[in-house]
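This is what each chain is made of:
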Amino acid sequence: MKILITKNISIDKLKQIDAEQLHRFMIENTERLKKFFPVTLSSNETLDKSIEYIKNKEKEIQQKVNFTFAIREIDSQKIIGLIIIKKIDWTNKIGEFAYCIGNTFEGKGLVSKAVKAVLKFANDVLELKTLQIIAHKTNLGSIKVAKNNGFIWQRTLIAEFTPTNGLPLDMELFELKNEK
């Protein structure tokens, strides 16, 4: 799967040749990723760990557990973000989106476009009926992405997420139902 979201930005699955790019992306964006992406960050703190991370993500796609995609510049192949469909419940056809974007690409609408593109994949290929986005109330960018894609606030999830070395945080649940 390769999806064009702008003339120079695409989404596709991570490949082994991406290990160095992925590791660099994580290092360059450590400050913004450490609170809500601590596991992904620690899984990519060295080049060897990034190689292993990509192998694991390939297996997860084959097993249909999680779908992790790179958001990248087409010309340079530089990874500028990730978009993930995770916590898939195949019985109830529910999946959760997670996403991150690099500092220099924030606020350009790229994550909203990436979610829109991967929503089509989630609905048409995976046949998921409910997609979720869980965001902290202070993460206004993530809430905007949810609203831009038609996700509707459902409720506050009490103590849903605990950051590394932090106290549990309440998170906001947004959902989008596919009526097909």
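Quantities reported herein were computed from a predicted structural model and do not represent experimental measurements.

Conventions we followed
- Residues numbered from 1 in each chain as written.
- Predicted model: local features only at pLDDT ≥ 70, side-chain atom pairs only at ≥ 80, totals over all residues.
- Heavy atoms only, no water.
- Helix = DSSP H or I, 4+ residues; strand = E, 2+ residues; numbered from the N terminus.
- Rg over C-alpha atoms; globule rule 2.2 N^0.38 Å.
- Buried < 20%, exposed > 50% of the residue type's maximum accessible area, 1.4 Å probe, protein only.
- Areas by Shrake-Rupley, 256 points an atom, 1.4 Å probe, with all protein chains shown as cover.
- Lys, Arg positive; Asp, Glu negative; His and termini not counted.
- Charge placed at Lys NZ, Arg CZ, Asp CG, Glu CD.
- Phe/Tyr/Trp six-rings, centres within 6.5 Å; stacked < 30°, edge-to-face > 60°.
- Expected span 1.5 Å × (residues − 1).
- Pairing = 2+ DSSP bridges.
- Axes fitted to C-alpha atoms, helices over the stretch in contact; angles between N-to-C directions.
- Contact = heavy atoms within 4.5 Å.

Asker: Sorry, what's going on with the overall build of the protein chain here?
Answerer: Regarding its fold elements, the protein chain presents six helices and eight strands. Starting at the N terminus and ending at the C terminus, the protein chain contains elements arranged as β-β-α-α-α-α-β-β-β-α-β-α-β-β. Here the protein chain has a C-alpha radius of gyration of 16 Å; the compact-globule value for 180 residues is 16 Å, and the two agree. Principal-axis analysis of the C-alpha atoms places the extent of the protein chain at approximately 40 × 40 × 30 Å. Here the protein chain, with 180 residues, has 49% of them falling under the buried criterion. About 9600 Å² of surface is accessible on the protein chain, with carbon and sulfur atoms providing 54% of the total. Separation of charge centres in the protein chain, based on 29 positive and 22 negative side chains, amounts to 4 Å.

Asker: Can you help me understand the packing of aromatic side chains in this one?
Answerer: The relation between two aromatic rings is expressed through the spacing of the ring centres and the mutual angle of the planes. Following the criterion strictly, the structure yields four aromatic pairs and no others. Judged by centre distance (5.6 Å) and plane angle (90°), the rings of Phe69 and Phe121 are edge-to-face. One end of the pair, Phe69, is in strand β3 (residues 67-73); the other, Phe121, is in helix α5 (residues 110-124), with 52 residues separating them in the sequence. By relative accessible area, which is 3% here, Phe69 ends up buried. With centroids separated by 6.3 Å and ring planes inclined at 70°, the aromatic side chains of Phe97 and Phe151 adopt a geometry described as edge-to-face.

Asker: For this particular structure, what's the right way to read α5?
Answerer: Here α5 contains 15 residues, and its C-alpha end-to-end distance of 21 Å stays within 8% of the 21 Å for a straight helix at 1.5 Å per residue. Most of α5 is tucked away, with 11 of its 15 residues classed as buried.

Asker: How should I be thinking about the sheet that holds strand β2 (residues 9-13) in this particular structure?
Answerer: Paired through their backbone hydrogen bonds, the strands of a sheet run either parallel or antiparallel. The eight strands lie next to each other as β1-β2-β3-β4-β5-β6-β8-β7, forming an open sheet whose pairing is mixed. Two strands close off the open sheet at either side, each with one partner strand: β1 (2-6) and β7 (152-161). Taken pair by pair, the neighbouring strands of this sheet meet at an average axis angle of 25°, ignoring direction. One ladder, built from seven bridges, connects strand β4 (residues 79-89) with strand β5 (residues 94-101); its direction is antiparallel. Along β5, the bridge assignment pairs Ile84 with Ala98. Seen against the sheet, helix α4 (residues 47-62) touches β2, β3 and β4 and runs at an angle of roughly 125° to β3. Running over the sheet, helix α6 (residues 140-148) touches β5, β6 (130-135) and β8 (169-177) and is turned about 160° from β6.

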